[in-house]
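Notes for the structure review
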Amino acid sequence: MATGETGFDDVSFDLISVQYHSLKAGHDYGQYVRDARNAGREDIAGFFEQVMAENSRRAEQCHTFLAELSGASGSGPAMS
């Protein structure tokens, strides 16, 4: 695998990037859920919860792939 300027191979860097952005977005979407609920829009809150769950699954899939690439089958959410 090619190694990018970061010292990580490109695929690992890409997975780490997607994982980070998915987790960050999920965190932000929590506020969106609260905003929608405060506005009395449970339908929109439900939509934001769905998007948040999709990002969580995306981050989890990245974690699985990163564990496979690192050979660390028992690693937790934070890679060591």
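The rules behind the values
Residues numbered from 1 in each chain as written. Predicted model: local features only at pLDDT ≥ 70, side-chain atom pairs only at ≥ 80, totals over all residues. Heavy atoms only, no water. pLDDT = per-residue confidence, 0-100. Contact = heavy atoms within 4.5 Å. Salt bridge = Lys/Arg side-chain N within 4 Å of Asp/Glu carboxyl O. Helix = DSSP H or I, 4+ residues; strand = E, 2+ residues; numbered from the N terminus. Buried < 20%, exposed > 50% of the residue type's maximum accessible area, 1.4 Å probe, protein only.

**Structural notes on the confidence of the model for the protein**
When the pLDDT values of the protein are averaged, the result is 86; 79% of them are 70 or greater. Here residues 74-80 scores under 50 on pLDDT; set against residues more than four positions off or in separate chains, the count is 6 contacts.

**Structural notes on the pattern of salt bridges**
This structure, assessed with the given rule, holds 4 salt bridges. Note that Lys 24 is salt-bridged to Asp 28, the shortest N-O span being 3.0 Å. Of this pair, Lys 24 and Asp 28 both sit in helix 1 (residues 10-38), separated by 4 residues, roughly a single helical turn. Put simply, Glu 42 and Arg 37 hold a salt bridge, and the shortest N to O gap is 2.9 Å. On the accessibility criterion, Glu 42 (47% relative accessible area) is partly exposed. Judged by its relative accessible area of 38%, Arg 37 falls in the partly exposed class. Overlapping salt bridges, with partners in common, bring together Arg 37, Glu 42 and Glu 49 in one network.

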